[in-house]
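Each chain, letter by letter, is given below.
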Amino acid sequence: MVAIPYLGHRGQPLTIRFRCIEDHDHVGHGKYNTLAGDIPRMYGVDSIHAATDEIHLTEGEFDRIIHRKIGWHSVAVPGVEMWFARHRRMLAGFSRVWIWSDPDAAGSKLTTTVCKSLRSARPVRLRIGDVTETYIAGGAEALYELLDKEKAK
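Everything in this summary refers to the structure shown in the same document. (Residues numbered from 1 in each chain as written. Predicted model: local features only at pLDDT ≥ 70, side-chain atom pairs only at ≥ 80, totals over all residues. Heavy atoms only, no water.)

**Considering the nonpolar core**
Grouped together as the largest cluster of nonpolar side chains are 18 residues, with contacts concentrated most on Ile48, Ile55, Leu57, Trp83, Leu91, Val97 and Val114. Of all elements in the fold, only strand 4 (54–59), strand 5 (74–77), strand 6 (96–100) and helix 4 (105–117) reach the threshold of two or more residues within this core. Ranked by size, the runner-up nonpolar core spans eleven residues in total, among them Trp98, Trp100, Leu126 and Val131. (Core = buried A, V, L, I, M, F, W, Y, C linked by side-chain atoms within 4.5 Å. Buried < 20%, exposed > 50% of the residue type's maximum accessible area, 1.4 Å probe, protein only. Helix = DSSP H or I, 4+ residues; strand = E, 2+ residues; numbered from the N terminus.)

Here it is, written out as C-alpha cells:
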C-alpha cells in the first residue's frame, strides 16, 4: 500500500488515503482505501492558494502529483463521483480551470459535471491514457503539447 497524505493549505495533515499497488483483483479490499467516516476531499488544496489565474483539476491524486512535478498548480478529486458543490466554490475565482479527466466514460462524466458547474472550466483531451500514463509515454512535453492545443482553440 502507498499512503497518500491529504494536507491543508498550510501543510497541516487532514487525512490519509491508501492505494494498493499490487497488480491483482483487490479481493477483500479496494484499490483505494479511505479512513472510516472520512469525508471526500479535494487533494492538493495548497495549489489553490499558490496559483494565479489558472489551475488544473485531475481525476486522481497521482495525476495531480505529475502536474506538480512539471510545475503546474493542480488539485485532484479522488474519483469521478467526488466532485461536490463546495469544490466549485473553491475554484470559482480562477479565470481558467483545465480539466484533465481520464479518456473513458467515467472521465467524460466528470468533465461534463465540472464544466456545467464552472464557466471557467475547459477540458484537455487525453488520448493515450490518464495524465500519469501520458507522462510515462511522452514525458512533460506530451502534457505541455496537449495543453497548448487546447489553449490554441
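**Comments concerning the pattern of salt bridges**
Within this structure, the stated rule accounts for six salt bridges. Its salt-bridge partner being Lys151, residue Glu54 comes within 3.4 Å of it at the nearest N-O pair. With Glu54 in strand 4 and Lys151 in helix 5 (residues 131–152), the pair connects residues that are 97 residues apart, well separated along the chain. A salt bridge links Lys153 to Glu150; the nearest nitrogen and oxygen atoms lie 3.2 Å apart. (Salt bridge = Lys/Arg side-chain N within 4 Å of Asp/Glu carboxyl O.)

**So, the side chain of Asp102**
Note on placement: Asp102 falls in the loop between strand 6 and helix 4. The charged side chain of Asp102 is buried without a salt bridge, its nearest counter-charge being Lys31 at 8.1 Å. Among residues more than four places away in sequence, those in contact with Asp102 are Glu59, Asp63, Gly107, Ser108 and Asp130. (Lys, Arg positive; Asp, Glu negative; His and termini not counted. Contact = heavy atoms within 4.5 Å.)

**A word on the sheet that holds strand 3 (residues 32–34)**
As a general point, the strands of a sheet are linked pairwise by backbone hydrogen bonds and lie either parallel or antiparallel. Strand order across the open sheet formed by three strands is 1-2-3, with antiparallel pairing between neighbours. Two strands in the sheet have a free side with no partner beyond their single neighbour: strand 1 (2–7) and strand 3. Between one strand axis and the next, the sheet turns through 30 degrees on average, direction left out of account. Examined bridge by bridge, strand 1 and strand 2 (residues 13–19) share six bridges and lie antiparallel to one another. Within strand 2, the position partnered with Ile4 by the bridge is Arg17. Each of strand 1, strand 2 and strand 3 is contacted by helix 2 (residues 61–69), which is oriented at about 70 degrees to strand 1, the strand it contacts most. (Pairing = 2+ DSSP bridges. Axes fitted to C-alpha atoms, helices over the stretch in contact; angles between N-to-C directions.)

**Observations concerning the sheet that holds strand 4**
Taken in spatial order, the four strands line up as 5-4-6-7 in an open sheet, and their pairing is parallel. Pairing within the sheet leaves two strands with one partner each, and these edge strands are strand 5 and strand 7 (121–123). For this sheet the average axis-to-axis angle between neighbouring strands, irrespective of direction, equals 30 degrees. Across five bridges, the pairing between strand 4 and strand 6 is parallel. Among the inter-strand pairings, His56 is bridged to a residue of strand 6, identified as Trp98. Strands in contact with helix 4 are strand 4, strand 5, strand 6 and strand 7; relative to strand 7, the strand with the most contacts, it is inclined by about 155 degrees. Across the sheet, helix 5 is in contact with strand 4, strand 6 and strand 7; its angle to strand 6 comes to roughly 145 degrees.

**So, the packing of aromatic side chains**
Counted according to the given criterion, the structure contains three aromatic pairs. Judged by centre distance (5.5 Å) and plane angle (70 degrees), the rings of Trp72 and Tyr144 are edge-to-face. Here Trp72, found in the loop between helix 2 and strand 5, pairs with Tyr144, found in helix 5; they are 72 residues apart in sequence, far enough to count as distant. Given the relative accessible area of 12%, Trp72 is considered buried. For Arg96, the ring lying beneath its charged end belongs to Trp98, and the centroid distance is 5.6 Å. (Phe/Tyr/Trp six-rings, centres within 6.5 Å; stacked < 30°, edge-to-face > 60°. Lys NZ or Arg CZ within 6 Å of the ring centre and 35° of its normal.)

Interpretation note: all reported values are geometric properties and have no functional meaning in isolation.
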